[in-house]
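Descriptive structure summary
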Amino acid sequence: MARNRCLILSSPSEVWGLLSEGHRYSEWVTGTQRILGVDPEWPDVGARLQVRVGVGPLTFDDTCVVRVSEPPYRLELEAKADPFGAARIALKLAPWGEHTLVTLDWHPLRGPGTRMHGLPVDYIVSTRNGIMLTKLARIAVREHFGPM
């Protein structure tokens, strides 16, 4: 499992507001090229987010399904990217004073990722997830404080 933490200088409700806007995921989710569709009930349990991910011309379509939604503190997604399998992505938002400590856990559920799971894969995923949380933090702070 890859685990990342980031202190975001915004309240949990402000961070949750960003997570609730499925059309904005391409702004902070590393590797997302385009949002293909967002269910209107996002981020309720069962809602789907379809995205195109990849680098350059190497792309594939991915579907994220909300498995757990406890606003404004917990969001768990199952990311399905056939034929690569699926992964659990769990975001926990904890109040830290007037700010938010975000913990992101990633764990493969099915497919080749379960066989390759370990230090090299976790390191790559952890690096990617750290970049994602940094982007999310920058957006949240910019919207909280305005342009600096």
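Residues numbered from 1 in each chain as written. Predicted model: local features only at pLDDT ≥ 70, side-chain atom pairs only at ≥ 80, totals over all residues. Heavy atoms only, no water.

1. Regarding the packing of aromatic side chains
Inspection of the entire model under this criterion finds 2 aromatic pairs. A centroid spacing of 5.0 Å and a plane angle of 50° characterise the contact between Y25 and W28, whose relative ring orientation is tilted. Of this pair, Y25 and W28 both sit in helix α2 (residues 25-28), 3 residues apart, which is roughly one turn of the helix. Both residues of the pair, Y25 and W28, belong to the buried class. (Phe/Tyr/Trp six-rings, centres within 6.5 Å; stacked < 30°, edge-to-face > 60°. Helix = DSSP H or I, 4+ residues; strand = E, 2+ residues; numbered from the N terminus. Buried < 20%, exposed > 50% of the residue type's maximum accessible area, 1.4 Å probe, protein only.)

2. Looking at the side chain of T32
Note that T32 resides in strand β2 (residues 32-38). A relative accessible area of 13% places T32 in the buried class. In this view, T32 contacts S26, V51, R52 and V53; residues no more than four positions away in its chain are not counted. (Contact = heavy atoms within 4.5 Å.)

3. Thoughts on the layout of surface pockets
Here the largest pocket is characterised by a volume of approximately 1,000 Å³. Around the largest pocket sit 37 residues that line it, and F60, D62, W106, V125 and R128 are the ones nearest its centre. Looking at the lining of the largest pocket, the elements that each hand over two or more residues are α2, β3 (48-55), β4 (58-70), β5 (74-80), β6 (86-96), β7 (99-110), α3 (112-116) and α4 (119-145). If you tally residues by element for the lining of the largest pocket, the top one is α4, at 6 residues. (1 Å grid on protein atoms, 1.4 Å probe; cavity = no way out; pocket = protein on both sides within 12 Å on 5 of 7 lines; lining within 4 Å. Points joined across faces, edges and corners; volume = space filled by probe spheres on them.)

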